[in-house]
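Chain by chain, the residues run as shown.
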Amino acid sequence: MNYFEYFSEIEQRFSSRRGSILLLNTLDWALIETWREAGIPLEAVLRGIDAAFDKYEARAQRAKGRLRKVNGLAWCAQAVMQSAEEMVEASTGLAPTKPAEPRESGFETHRVAAYLDQNAATLEAASGPTLQTTARRLRELAATMRSDTPLPLDDLDRTLTVLEDKLFTALQSSATEAQLVDLKAQADRELAPYRARISAVQLRQIQQQFLHKRLFESHSIPRLSLFYMGHAE
């Protein structure tokens, strides 16, 4: 699986339908991560974005262009979930499709090993026992990926997710109460225009992902999942 492709395809489709380049913000990243973790297919996300913008453009035409510009991916969240549900229903009883021709994924073992070493070096330059322990583990994983028996990518990414969760716990524990309150307030402000379009469960997931990403950014600590590998290159 090309993890970065999931992000880049969504970003490109959203910018294309919006009609102008808009860099995705922290909230948008968090939303994409919740979709990925929920196993929502890329095709469902792209269809949902198209459906949301089709409705928006129809309304804009009736309103003669007086509607506000869409400024966040969360505006499409409801349409994406509906698209995912429709795909599940439509797939029932369908014959399996012919597998696509194999192609280079960008996640060959030598590239993955280099990515792990790069993140290890960043953590080694920082202070803190959890960071140093994680750096040593990343070096071990890099050596494994260069060996004759590298880990399957799914297994490796699960390990990286566990390591990242440990880092997040350490950062959250060391943060002051004021810092955490401020980050939660930021998330609430950015989510406010989209609350009606996002379920309560998804809302909590996005808030947690927002906090996760901002804590890592504030300490200049890299995200470890293979999902970020292409973005880091």
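Whatever comes next refers back to the structure up there.
First, a word on scope: everything that follows refers to the structure included in this document. All values reported here derive from a predicted model rather than from experimental measurement.

1. Side note on the packing of helix 7 (residues 153–174) against helix 9 (residues 200–218)
- Orientation of helix 7 relative to helix 9, taken along the N-to-C sense of each, is 80 degrees, at an axis distance of 10 Å. When the interaxial angle is binned, helix 7 and helix 9 end up roughly perpendicular. Mapping the contact onto sequence places Glu164, Asp165, Leu167, Phe168, Leu171 and Gln172 in helix 7 and Gln208, Leu211, His212, Leu215 and Phe216 in helix 9.
- Class assignment of the residues belonging to the contact of helix 7 with helix 9 gives a composition of six nonpolar, three polar and two charged.

2. Some points on helix 6 (residues 129–146)
- Here helix 6 contains 18 residues, and its C-alpha end-to-end distance of 26 Å stays within 8% of the 26 Å for a straight helix at 1.5 Å per residue.
- All of the buried residues in helix 6 are Leu131, Thr134, Ala135, Leu138, Leu141, Ala142 and Met145. Down the axis, helix 6 shows its buried residues gathered within 125 degrees of arc, on one side only. Counted as exposed and oriented over 90 degrees from the buried face of helix 6: Pro129 and Arg136.

3. Regarding the packing of helix 5 (residues 109–124) against helix 7
- Close contact between helix 5 and helix 7 brings their axes to 13 Å; oriented N to C, the two are set at 10 degrees. Here helix 7 runs roughly parallel to helix 5, going by the angle between their axes. Note on element contacts: helix 7 touches helix 5 through Leu153, Leu156, Leu160 and Leu167, opposite Val112, Leu116 and Leu123.
- Among the residues making up the contact of helix 5 with helix 7, the classes are represented as seven nonpolar, no polar and no charged.

4. Overview of the environment of Lys166
- Among the secondary structure elements, Lys166 is positioned in helix 7.
- Separated by 32 residues in the primary sequence, Lys166 and Thr134 have C-alpha atoms spaced 8.8 Å apart.

5. Concerning the pattern of salt bridges
- Under the criterion given, the structure shown has 16 salt bridges.
- With its nearest N and O atoms 3.1 Å apart, the salt bridge here joins Arg111 to Glu108.
- Among the ionic pairs, Arg223 bridges to Glu164, the shortest N-O distance being 2.6 Å. You can see Arg223 sitting in the loop between helix 9 and helix 10 (229–232) and its partner Glu164 sitting in helix 7, a full 59 residues away along the chain.

6. Things to note about unusual backbone geometry
- With a phi close to 55 degrees, Ser220 is a non-glycine residue in the positive phi region.
- Tracing the chain through its elements places Ser220 in the loop between helix 9 and helix 10.
- Classification of Ser220 by relative accessible area gives exposed; the value is 59%.

7. Observations concerning the nonpolar core
- Ranked by size, the top nonpolar core spans 65 residues in total, and within it Ile10, Ile32, Trp35, Leu116, Leu138 and Leu160 carry the most contacts.
- A per-element tally of this core places helix 3 (residues 42–62) first, with seven residues.
- Contact partners of Leu138, with chain neighbours within four places excluded, come to Leu116, Asn119, Ala120, Leu123, Leu160, Leu163 and Leu224.

Reading the values: rules and limits
Within each chain, residues carry numbers counting from 1 in the order of the written sequence. Per-residue local features of the predicted model are confined to residues with pLDDT of at least 70, and side-chain atom pairs are confined, for both listing and counting, to 80 or more; whole-chain, interface and lining totals are unaffected and use all residues. As a rule here, side-chain values come from all non-hydrogen atoms in the structure, and water together with hydrogens is ignored. Every axis corresponds to a line fitted to the C-alpha atoms, with the helix fit spanning only the stretch in contact, and the corresponding angles, defined between N-to-C directions, vary from 0 to 180 degrees. Secondary structure elements are defined from DSSP: runs of H or I of at least 4 residues count as helices, runs of E of at least 2 residues count as strands, and each element is numbered from the N terminus. Orientation categories follow fixed angle ranges, with anything under 35 degrees roughly parallel, anything over 145 roughly antiparallel, 65 to 115 roughly perpendicular, and all other angles oblique. Only heavy atoms matter for contacts: two residues are in contact if any of them lie within 4.5 Å across the pair. Each residue is assigned to one class: nonpolar for Ala, Val, Leu, Ile, Met, Phe, Trp, Tyr, Cys and Pro, charged for Asp, Glu, Lys and Arg, and polar for all the others, Gly among them. By this rule, a helix spans an expected 1.5 Å times one less than how many residues it contains. Remark: exposure states derive from per-residue accessible area (1.4 Å probe, protein chains only) relative to the maximum for the residue type, with buried under 20%, exposed over 50%, and partly exposed in between. This arc is taken over the directions from the axis of the helix to the C-beta atoms. Within this document, salt bridges are pairs made up of a side-chain nitrogen of Lys or Arg and a carboxyl oxygen of Asp or Glu, the two lying within 4 Å of each other. Residues enter a nonpolar core if they are buried and are Ala, Val, Leu, Ile, Met, Phe, Trp, Tyr or Cys, with the set joined through side-chain atoms within 4.5 Å.

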